[in-house]
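Summary of structural features
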Amino acid sequence: RSRSMWNKFDNEIIHRHVNLCIKLRTHQHIRAGLQGYRQRVLQMAPQLMIDAVTHAHKKAEEYVHETVKAAAENKLSVLERTVMHEMTGIDASKRVEQHSVDQAVSFFHDVTKVCMTTIGYYGKYEALFQTLVQRSFQLCLQLGRKSEFGSFCEMLRKHATLSFDNADQRTAILNSNEALS
């Protein structure tokens, strides 16, 4: 019983866990950490779950921005550029930049999906869900990522459908005072 109780060090531990997972680019471990953390803090301190999910999403977003910046500064030798251009017909620096940005945005998409599924359909996390969706949409529009934007739209549609379908449940979103305001 005492293992499932929340303690004051859990918040720092989950933040360090998320930071390490972002560096290692392992969204699966972020999911496992957030789900375990959710079980520990759901009843006692739900605000800490909001902090942890916001931290994970913000770190993934920072990773995308850092990757875009680093890709724009990437300098290839003249020989590498010439060989790449002759083989593919595409400027090598643009191809390297696009590949690294694609990987970063894909990782961001995975982390965002993990965050959204972790907070699930609890009414107390509806405002957080909306914030995650808005920030994800903004990043997709900023980077011109139509496929990821469509995927986030589909997640939002599914969330809305399940919210209406499960409106009679005790923890439903539509019964939450936060969601109604």
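Residues numbered from 1 in each chain as written. Predicted model: local features only at pLDDT ≥ 70, side-chain atom pairs only at ≥ 80, totals over all residues. Heavy atoms only, no water.

Taking 1.5 Å of rise per residue, the 18 residues of helix H6 (residues 126-143) would be expected to cover 26 Å, and the 26 Å separating its terminal C-alpha atoms lies within 8% of that figure. Following H6 by one or two positions, Gly-144 adopts a phi angle in the positive range, close to 70°. (Helix = DSSP H or I, 4+ residues; strand = E, 2+ residues; numbered from the N terminus. Expected span 1.5 Å × (residues − 1).)

Residue placement: Phe-152 occurs in helix H7 (residues 146-165). Each C-alpha atom, one on Phe-152 and one on Val-133, is 7.1 Å from the other, the two residues being 19 residues apart in sequence. With residues up to four places along the chain from it excluded, the contact list for Phe-152 reads Phe-108, His-109, Thr-112, Met-116, Ser-136, Phe-137 and Cys-140. (Contact = heavy atoms within 4.5 Å.)

Right, let's talk about the packing of helix H1 (residues 10-24) against helix H3 (residues 46-73) for a bit. Between H1 and H3, the least distance of the axes is 10 Å, while the angle of their chain directions is 20°. Taken together, the axes of H1 and H3 are roughly parallel relative to one another. The two elements H1 and H3 cross, and the hand of that crossing is right-handed. Two secondary-structure elements touch here, H1 through Asn-11, Ile-14, His-15, Val-18, Asn-19 and Ile-22 and H3 through Leu-48, Asp-51, Ala-52, His-55, Ala-56, Lys-59, Ala-60 and Tyr-63. Along the lines of polarity and charge, the residues of the contact of H1 with H3 split into eight nonpolar, four polar and two charged. (Axes fitted to C-alpha atoms, helices over the stretch in contact; angles between N-to-C directions. Parallel < 35°, antiparallel > 145°, perpendicular 65-115°, else oblique. Left-handed = near helix turned anticlockwise from the far one by under 90°. Nonpolar A, V, L, I, M, F, W, Y, C, P; charged D, E, K, R; others polar.)

Moving on: unusual backbone geometry. A positive phi angle, close to 55°, is found at Arg-25, a residue other than glycine. Position of Arg-25 relative to the elements: it lies in the loop between H1 and helix H2 (27-41). Judged by its relative accessible area of 45%, Arg-25 falls in the partly exposed class. (Buried < 20%, exposed > 50% of the residue type's maximum accessible area, 1.4 Å probe, protein only.)

Turning to the confidence of the model for the protein chain, a few remarks are in order. Per-residue confidence for the protein chain gives a mean pLDDT of 80, with 75% of residues at or over 70. Between the elements of the protein chain, mean pLDDT differs from a low of 47, seen in helix H8 (residues 177-180), to a high of 92, seen in H6. (pLDDT = per-residue confidence, 0-100.)

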